[in-house]
Amino acid sequence: MGSDKHTNTHSAQERVGALRELLRHHEYLYYVMDAPEIDDLQYDALMRELQGLEGEHPEWVTPDSPTQRVGGKAADGFSKVAHSRPMLSLDNVNSEAELREWDRRARELAGPSADVSYVCEYKLDGLSMALHFGPGEEGQEEGGAVRLLRGLTRGDGSVGEDVTSNVRTIKSVPLVISAKQREKAGLPERFEVRGEVVMPLAGFLAMNEERESLGQAPAANPRNAAAGTIRTLEPNVVAQRRLDFYGYFLLDPEGAPLLPTQSAALDALTAAGFRVNPHREAIREFDKLLAFIEKAEANRTGLGYEIDGVVIKLDQTGLQRRLGYTGKAPRWAVAYKFASRFAVSVVEDIKVQVGRTGKLTPVAVLRPVGIGGITVTRATLHNEDEIERLGLLIGDSVRVERGGDVIPKVVEVVGADGTDKDHPRGTRPFVFPEHCPVCGAEVKRSEGEADHRCVNATCPARVAGSLLHFASRGVMNIEGLGEAVVMQLLERGLVHSVADIYLLDEAKLLSLERIGKKTADALLAEIAKSRTAPLYRVLYGLGIRFVGERTAELLAEEFGSMDALMAATQEELERVNEVGPRVSASIAEFFSEEPNRKLVEELRAAGLQFTAKKRERTEELAGLSFVLTGTLPTLTREQAKEKIESAGGKVAGSVSKKTSYVVAGEEAGSKLEKAQELGVKVLDEAGLLGLLT
Ligand code: IVH
């Protein structure tokens, strides 16, 4: 032994293989099962031994070796990759009644002969992620093994960001799945796992403690912390923060469910070595859904990670297909969101913030208090009337509510009658400022409105707010144009409106602090790229009141250009689905103001997209209303709806005497009966298509 170099090399190589297998096994026990069999020191010793051998033989290093979770290399940015299928969100319900209605509808859509059962899962409060697995480059794995090829964030739902180098550092994500495991789990050569990345509470608290000791602002909650972490460009930083991944979907490379049921998918993921949340249950009866939710809510505080509800999914993927999707969410799943949580604290001060619409929002500065694992230090008071309604004095004890997504708010004064010794009343009344705390301009409260607004359209707080909105993700997506840069640009007078973003050049950016050539060029490239953002994003970016992303999309589709939209009357605007008098008035008012028209012209000159593909409409079905029921032989429900609407018809949810036609497919339910009862004409798919030609 020892004299023959060949044998030595051979056994060293075997040892490398054995070490990798051991390390993977112990990582699985520790990070997925929460049941370690060796301590940290023993684990570190194995890792060091492997690192030593790989150091001597760099040619043996494979990307899926446990030593390779952290590349250590900072990424330049994340590239954008289209999802196999859009990553959608879920519709919410908040009460038993709403859930009952959802259940009723799901059963109705599934049809009378369907075998309806649900899978309940916890709704983990993190960010969703798509992981792609498949064979690596040739020769990197033993036959039949697959490895993590790519990790994508949700992004805008259609296109995500490639954060593979960061995902690799999450120890509960397997980098490689052996042929044996794959066989045991019944997985093909390529598949996609979707799930949630979460930051456990302990890690979150530790991270915030560290940030505060470094003088950095703490993250607001574990979800933001997880999202921020996964998007940092330093895999080393990501590796230090403990993130977890829980799988909840198993898809084929086309993004369709791989197995006939969701329960089978969760079992297969477990068998393949993924962390799958153990709190899940297959349920048939409605009352058991309620029981599951109640238990989840009771369990909520002791889990060590945040959940904000329960997700209920139809188990059979065949039925999921039948129910299909509404615009942004599946009909076959729903999120039951938990009610918010409360705590009592003391209002130490009241500050006033100025938003992008000029609105002044009073904010209570609280003595720090934990609510469900989070330290809350501020809570919104909405407006002056709200402070009056609460009868709030500075120094009062208050009950603070933390809902799911919303910022904490003050709901009542504790011991308002002043007799509660533990909660004595405050003494200092709050006086609403008459001048903007940011620019000093006059503050106005219009007749009939609850809000005070800064009248100065060029108030730095307003401009900063509009710039940040314009540049943000989901709007114009100008990466790198965050608070730090925007504040400096405003202070130096380099920008005065969103249009000025397009007049920035390298020299201007280099004059800012902490911006080097590389960052400046990257930002300029992002700005240039935003010129190709579709019209609806530009519209959304303008920050017209009540015009969110979805409304902007519908407006762009309907009018096809900025000019047509600007020329539209309120009546024409209201022809757009979801646009009512409040929205149309706000749009008309926005475009009637001279500074806004000027801004639009400057954006046109900057070369932004001012036209979009118009939705084709004909008039064949004008004035007719349709109700769809059952499964049609070739068209999905969305396609049928689209066809009817494109021909000027309307699609309603329920049958009445005013319904022109009911279009019925296989397993049509009560709507068909109703139509027959009321004598409404019934068509099949061929009949519908016949009307259209
Ligand atoms: S299913 C279309 N299951 O909640 C499918 N989502 O509003 C939707 N989430 O974006 C996803 N736990 O980030 C699903 N067990 C779970 C979940 C879950 C958390 C998140 C996910 C999604 C959001 C839906």
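Refer to the preceding data block for the structure.
Residues numbered from 1 in each chain as written. Predicted model: local features only at pLDDT ≥ 70, side-chain atom pairs only at ≥ 80, totals over all residues. Heavy atoms only, no water.

A closer look at the overall build of the protein chain
Right, on to step 1. Per the secondary structure count, the protein chain includes 25 helices and 25 strands.
Right, on to step 2. A globule of 693 residues ought to have a C-alpha radius of gyration of about 26 Å, and the protein chain, at 29 Å, matches this closely.
Right, on to step 3. Residue burial in the protein chain is summarised as follows: out of 693 residues, 47% are buried.
Right, on to step 4. Counting only contacts in the protein chain whose residues sit at least 6 apart along the sequence, the fraction spanning at least 24 positions is 67%. (Helix = DSSP H or I, 4+ residues; strand = E, 2+ residues; numbered from the N terminus. Rg over C-alpha atoms; globule rule 2.2 N^0.38 Å. Buried < 20%, exposed > 50% of the residue type's maximum accessible area, 1.4 Å probe, protein only. Contact = heavy atoms within 4.5 Å.)

Observations concerning the side chain of Thr551
Right, on to step 1. Along the chain, the position of Thr551 falls in helix α18 (residues 549-559).
Right, on to step 2. Judged by its relative accessible area of 12%, Thr551 is buried.
Right, on to step 3. Apart from the residues lying within four places of it in its own chain, the contact partners of Thr551 are Phe546, Val579 and Val583.

Examining the sheet that holds strand β11 (residues 307-314)
Two modes of strand pairing occur in sheets, parallel and antiparallel, and in both the strands are linked by backbone hydrogen bonds.
Right, on to step 1. Taken together, the 5 strands give an open sheet; going across it, the order is β2-β12-β11-β3-β10, and neighbouring strands pair in mixed fashion. Two strands in the sheet have a free side with no partner beyond their single neighbour: β2 (92-93) and β10 (280-283).
Right, on to step 2. Direction of pairing for strand β3 (residues 118-124) relative to β11: antiparallel, over a ladder of 7 bridges. By the bridge assignment, Val119 is partnered in β11 with Lys313.
Right, on to step 3. The strands that helix α3 (residues 96-110) touches are β2, β3, β11 and β12 (333-337); relative to β12, the one it contacts most, it runs at about 175 degrees. (Pairing = 2+ DSSP bridges. Axes fitted to C-alpha atoms, helices over the stretch in contact; angles between N-to-C directions.)

Here we look at the environment of Glu666
Right, on to step 1. Within the fold, Glu666 resides in the loop between β24 (661-664) and α24 (670-678).
Right, on to step 2. Residues Glu666 and Val93, 573 residues apart in the sequence, show an inter-C-alpha distance of 29 Å.
Right, on to step 3. Beyond its immediate sequence surroundings of up to four residues, Glu666 is in contact with Gly630 and Thr631.

So, the pairing of strand β5 (residues 146-153)
Right, on to step 1. Within β5, 6 of the 8 residues are buried, which leaves the element mostly enclosed by the surrounding structure.
Right, on to step 2. As paired elements, strand β4 (residues 127-134) and β5 share 6 bridges and run antiparallel to each other. Paired with Leu131 across the strands is Gly151, a residue of β5.
Right, on to step 3. Across 2 bridges, the pairing between β5 and strand β7 (residues 176-177) is antiparallel. From the neighbouring strand, Arg147 faces β7, where its bridge partner is Val176.

As for the nonpolar core
Right, on to step 1. Leu99, Met129, Phe133, Phe245 and Ile312 are the most contacted members of the largest nonpolar core, which totals 74 residues.
Right, on to step 2. Residues in contact with Met129, not counting those within four places in the same chain, are Met87, Gly151, Leu152, Thr153, Val163, Val167, Val193, Arg194, Gly195, Val197, Ile230 and Phe245.
Right, on to step 3. Counting 56 residues, the second largest nonpolar core, distinct from the first, contains Leu467, Val495, Phe559 and Ile587. (Core = buried A, V, L, I, M, F, W, Y, C linked by side-chain atoms within 4.5 Å.)

Considering helix α13 (residues 460-471)
Right, on to step 1. Taking 1.5 Å as the rise per residue, α13 with 12 residues should run 16 Å; its terminal C-alpha atoms sit 16 Å apart, in good agreement.
Right, on to step 2. Within the span of α13, buried status applies to Ala461, Arg462, Val463, Ala464, Leu467, His469, Phe470 and Ala471.
Right, on to step 3. Contacts from the buried residues of α13 go to β13 (341-354), β21 (452-454), α14 (483-491), α17 (535-541) and α22 (594-605). (Expected span 1.5 Å × (residues − 1).)

What about the site of the ligand?
Right, on to step 1. In the region of the ligand, 14 residues are neighbours, and Glu121, Leu124, Glu196, Tyr248 and Lys313 sit closest.
Right, on to step 2. Note that an oxygen atom of the ligand is positioned 3.3 Å from one of the side-chain N or O atoms of Lys123.
Right, on to step 3. Elements with a minimum of two residues in the shell around the ligand: β3, β9 (244-251) and β11.
Right, on to step 4. Considering every element that reaches the shell around the ligand, the biggest residue donor is β3, with 4 residues.
Right, on to step 5. Each residue belonging to the shell around the ligand can be placed in one class, and the counts come to 8 nonpolar, 2 polar and 4 charged. (Near = heavy atom within 4 Å. Polar contact = N/O pair within 3.5 Å; in protein donor to acceptor, adjacent residues only side chain to side chain. Nonpolar A, V, L, I, M, F, W, Y, C, P; charged D, E, K, R; others polar.)

Section: the pattern of salt bridges
Right, on to step 1. Under the counting rule described, the total for this entry stands at 45 salt bridges.
Right, on to step 2. The salt bridge involving Asp103 is made with Arg107; its shortest N-O contact spans 2.9 Å. With Asp103 and Arg107 both in helix α3 and 4 residues apart, the pair spans about one turn of that helix.
Right, on to step 3. A salt bridge links Glu602 to Lys598; the nearest nitrogen and oxygen atoms lie 3.5 Å apart. Of the two residues, Glu602 and Lys598 are both situated in helix α22; the distance of 4 residues between them amounts to about one turn of the helix.
Right, on to step 4. For Glu602, a relative accessible area of 29% translates into the label partly exposed.
Right, on to step 5. Bridged by salt links that share partners, the residues Lys80, Glu161, Arg231 and Glu479 form one connected network. (Salt bridge = Lys/Arg side-chain N within 4 Å of Asp/Glu carboxyl O.)

Observations concerning unusual backbone geometry
Right, on to step 1. Of note in the backbone geometry, His382 takes a positive phi value of approximately 65 degrees without being a glycine.
Right, on to step 2. Inspection of the secondary structure assignment puts His382 in the loop between β15 (374-380) and α12 (384-390).
Right, on to step 3. For Phe546, which is not glycine, the phi dihedral falls at a positive 70 degrees.
Right, on to step 4. Here Phe546 lies in the loop between α17 and α18.

Regarding the packing of aromatic side chains
Right, on to step 1. For the structure shown, the criterion picks out 13 aromatic pairs.
Right, on to step 2. Look at Tyr246 and Tyr305: their rings are 5.6 Å apart centre to centre, the planes differ by 45 degrees, and that puts the pair in the tilted class. One end of the pair, Tyr246, is in strand β9; the other, Tyr305, is in the loop between α10 (286-299) and β11, with 59 residues separating them in the sequence.
Right, on to step 3. What makes Tyr246 buried here is its relative accessible area of 4%.
Right, on to step 4. Tyr305 sits in the buried class, given a relative accessible area of 11%.
Right, on to step 5. A ring pair is formed by Phe430 and Phe432, whose centres lie 6.0 Å apart and whose planes are at 80 degrees; its orientation type is edge-to-face. Phe432 shares its class with Phe430; the two are buried. (Phe/Tyr/Trp six-rings, centres within 6.5 Å; stacked < 30°, edge-to-face > 60°.)

Details of the environment of Asp315
Right, on to step 1. Following the sequence through the fold, Asp315 ends up in the loop between β11 and α11 (317-323).
Right, on to step 2. Look at Asp315 and you get buried, because its relative accessible area is 7%.
Right, on to step 3. Between the C-alpha atom of Asp315 and that of Glu98, which follows or precedes it by 217 residues, the distance is 20 Å.
Right, on to step 4. When residues no more than four places from it in sequence are discounted, the contact partners of Asp315 are Ser117, Tyr118, Val119, Pro260, Thr261, Gln262, Ser263 and Gln320.

Considering the sheet that holds strand β22 (residues 625-629)
Right, on to step 1. Strand order in the open sheet made by the 4 strands is β23-β22-β24-β25, with parallel pairing throughout. Each of the sheet's edge strands pairs with one partner strand only, and the pair in question is β23 (650-652) and β25 (681-683). The sheet shows a mean angle of 35 degrees between the axes of neighbouring strands, direction not considered.
Right, on to step 2. As defined by bridge partners, β24 adjoins β25 across 3 bridges and the pair is classed as parallel. Residue Val663 lies in a different strand from β25, and its bridge partner there is Leu683.
Right, on to step 3. Helix α23 (residues 637-646) contacts β22 and β23 of the sheet and is inclined by roughly 170 degrees relative to β22.

Looking at the environment of Gly440
Right, on to step 1. Relative to the helices and strands, Gly440 is located in the loop between β19 (428-429) and β20 (443-445).
Right, on to step 2. On the accessibility criterion, Gly440 (39% relative accessible area) is partly exposed.
Right, on to step 3. For the pair Gly440 and Ser656, spaced 216 residues apart in sequence, the C-alpha to C-alpha distance is 58 Å.

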